[in-house]
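# Chains, contacts and geometry: an overview
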Amino acid sequence: MKDTSNIVKYKFEMNQVIEDKTLFKTQCLINGKWVDSATNESIKIVNPYNGEFLANVPQVNRSQVKEAIDSANIAFKKWKKTSAIERSNLLKNWFNLIKENINDLASIMVSEQGKPLKEAKGEVNYAASYVEFFAEEAKRIYGDVIPSPFPNSRVVVLKQPVGVVGIITPWNFPIAMMVRKIAPALACGCTCVIKPDERTPLSAFAVLELAIRAGIPKGVVNAVTGIPSEIGEEFTSNELVRKISFTGSTRVGKILMSGSAQNVKRVTLELGGNAPFIVFDDANIDAAVEGLIASKYRNSGQTCVCANRIFVHSNVEDEFIRKLKIKVEEFKIGNGLEDNDIGPLINDAALEKVERLINDAISKGGKICHGGNRHKLGGTFFEPTIISNINSSMSIFKEEIFGPVASIVTFNSVDEVIELANNTKYGLASYFYAKDMSKIWKVAEELEYGMVGVNRGGISSALIPFGGIKESGMGREGSKYGVDDYLNIKYLCMSD
């Protein structure tokens, strides 16, 4: 039975309630202790819904980042020798605590990120599923015995943890993106230093507090907030960090990849996307509309795998837009803590980008079918938008929108739309709706993306290998493939 001795009602200034106020951490985690900045410098965290102040978190200096790395390296020497069963049991403890505290974790996330509460709860459950999966996978990291090519010898292959992992996560999924990196790292016997995004560190800190309560030893997980470039430079230059796992922009991913080359670190990069969503004329239009709603407007369109360019066959364009508009008009917009479907964008820069992309499209012939403006609620709210007559000359076709905007491109043939869909430097996720099986196989095989959703708009799960190709990154997260990048392969040749 859950211990309720320290559970109290705690009301945030932004009119939200959590039960366990000890989850509201505003310090960094180094070697099992919550600490402030050595220089007393801080970062202000605000609620994107109304701009209200939430907390100050530390802006640590370079020496504190190094201290966190040193702590992780010391902890690694012992953690890597713990049994798979022990690591599995600790991860299961963490999983249970995350599930028990889903309401508090989701409320903290909404306060600093803005997404609707139902989506935040979905994210916490999604994050927990990775902990559960890799708790089991910890016991299935198998080596091999290979028939020896040499006389009187045995050939054995071992898999061993790479060491300290530098983890850098984004603001749009502040719990899930972090947990799905930490869970396989710990399962393999690695230790971590995490840099959550400086805009959304509070939910990350809360989840790490639960990791401590779960029994994860001190130094195995550490977290620092500060100037991103300084932390990134320490991660890439410090020889104790043997791997970097990053989710974020392609621009920053390239910087980290370049910096990691100086001491040949392993990197996993989940970078930008420009996902095509294709609706063929034989598609189930109602299903395609539902799939687009799930893919495009979740988190106000601020996801790396959301549909960015919607290609609709000219024979069904009018029907598709009409049915999509009906659904979009039903959205409830407002405070994420209330029963709403669309929350604010993360900040003014995000709002201005969406506005710029729409204005550019309109200037080049784009037609607004719905929305298209800043929302009457003000702040960083933007109207859920549908814009048609999009073409490849427009910025909205080339750039990741990261806003609640469905941009419609018409096409007439399979070969034409495959070429249009692949006309991007990105290759993360893609989606299409069709019924003809020969067409389905052709399109699925020719789309240049790491993930393809066929007649489905939601494709993420702990059981699947999440990741992209081209400038969308390298490596995979989730599934049995998710442990590979945290392991070194060692070959033993043992002669008599």
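Residues numbered from 1 in each chain as written. Predicted model: local features only at pLDDT ≥ 70, side-chain atom pairs only at ≥ 80, totals over all residues. Heavy atoms only, no water.

A few words on the overall build of the chain. Looking only at helices and strands, the chain has 14 helices and 24 strands in total. A compact globule built from 496 residues should have a C-alpha radius of gyration of about 23 Å, and the chain, at 23 Å, falls within 12% of that. Overall, the C-alpha framework of the chain stretches about 70 × 65 × 45 Å when taken along its three principal axes. Counting across all 496 residues of the chain, residues that qualify as buried make up 56%. Sequence-distant contacts, at least 24 apart, represent 72% of the contacts inside the chain between residues at least 6 apart. (Helix = DSSP H or I, 4+ residues; strand = E, 2+ residues; numbered from the N terminus. Rg over C-alpha atoms; globule rule 2.2 N^0.38 Å. Buried < 20%, exposed > 50% of the residue type's maximum accessible area, 1.4 Å probe, protein only. Contact = heavy atoms within 4.5 Å.)

All right, on to the sheet that holds strand S21 (residues 451–454) then. Taken together, seven strands build an open sheet; the order of strands is S16-S17-S18-S15-S14-S20-S21 and the sheet is mixed. The sheet is open, and its two edges are formed by strand S16 (367–370) and S21, each paired on a single side. On average, adjacent strands in this sheet sit at an angle of 25 degrees to one another, irrespective of strand direction. The pairing of S16 with strand S17 (residues 385–388) spans three bridges and is antiparallel. Pairing of Lys367 across the sheet is with Ser388, part of S17. Its contacts with the sheet place helix H11 (residues 348–363) against S16, S17 and strand S18 (405–411), and it is angled at close to 30 degrees to S17. (Pairing = 2+ DSSP bridges. Axes fitted to C-alpha atoms, helices over the stretch in contact; angles between N-to-C directions.)

For the rest of this paragraph, the subject is the pairing of strand S6 (residues 53–58). Where strand S5 (residues 42–46) and S6 come together, five bridges link them in antiparallel fashion. Following the sheet pairing, Val46 is matched in S6 by Phe53. Linkage of S5 to S6, two consecutive antiparallel strands, is achieved through a turn of six residues, within which Gly51 is found at a positive phi near 75 degrees.

With 91 residues, the main nonpolar core has Trp94, Ile98, Ile182, Leu186, Ile194, Leu208 and Val221 as its most contacted residues. In terms of residue count, the dominant contributor to this core is helix H4 (residues 117–137) (eleven residues). Beyond its immediate stretch of four places on either side in the chain, Leu208 contacts Leu29, Trp34, Met178, Ile182, Ile194, Val221 and Ala223. (Core = buried A, V, L, I, M, F, W, Y, C linked by side-chain atoms within 4.5 Å.)

According to the stated counting rule, one finds eleven aromatic pairs in the structure shown. Aromatic pair Trp34 and Phe205: ring centres 5.8 Å apart, planes at 70 degrees, arrangement edge-to-face. Placement of Trp34 in strand S4 (residues 33–35) and of Phe205 in helix H6 (residues 201–213) is noted, with a sequence separation of 171 residues between them. You'll find Trp34 and Phe205 in the same group, each marked buried. With a centroid separation of 6.0 Å and an interplanar angle of 35 degrees, the aromatic rings of Phe277 and Tyr431 are classed as tilted. In this pair, Phe277 is assigned in strand S14 (residues 275–279) and Tyr431 in strand S20 (residues 429–433), connecting sequence segments 154 residues apart. For Phe277, a relative accessible area of 0% translates into the label buried. (Phe/Tyr/Trp six-rings, centres within 6.5 Å; stacked < 30°, edge-to-face > 60°.)

Relative to the assigned elements, Asp197 resides in the loop between strand S10 (191–195) and H6. Of note is the side chain of Asp197, whose polar atom sits 2.8 Å from the backbone nitrogen of Arg199. In this view, Asp197 contacts Thr169, Pro170 and Trp171; residues no more than four positions away in its chain are not counted. (Polar contact = N/O pair within 3.5 Å; in protein donor to acceptor, adjacent residues only side chain to side chain.)

Moving on, we come to the environment of Ser71. With respect to the helices and strands, Ser71 occurs in helix H1 (residues 62–79). Classification of Ser71 as buried rests on a relative accessible area of 9%. A C-alpha to C-alpha distance of 25 Å links Ser71 and Leu97, two positions 26 residues apart in sequence. Apart from residues lying up to four places away in sequence, Ser71 is in contact with Ile30, Asn31, Gly219 and Asn222.

With 17 residues, helix H2 (residues 84–100) should cover 24 Å at 1.5 Å per step; its first-to-last C-alpha distance of 24 Å lies within 8% of that length. Residues of H2 that are buried include every one of Arg87, Ser88, Leu90, Leu91, Trp94, Phe95, Leu97 and Ile98, and no others. Looking at the buried residues of H2, the elements they touch are H1, helix H3 (102–113), H4, helix H5 (176–188) and H6. (Expected span 1.5 Å × (residues − 1).)

By the definition in use, this model includes 28 salt bridges. Here Asp360 makes a salt bridge to Lys364, at a shortest N to O gap of 3.1 Å. The exposure class assigned to Asp360 is buried, which follows from its relative accessible area of 16%. We classify Lys364 as partly exposed; its relative accessible area is 38%. A single network of salt bridges, built from pairs that share partners, joins Lys92, Glu136, Lys139 and Arg140. (Salt bridge = Lys/Arg side-chain N within 4 Å of Asp/Glu carboxyl O.)

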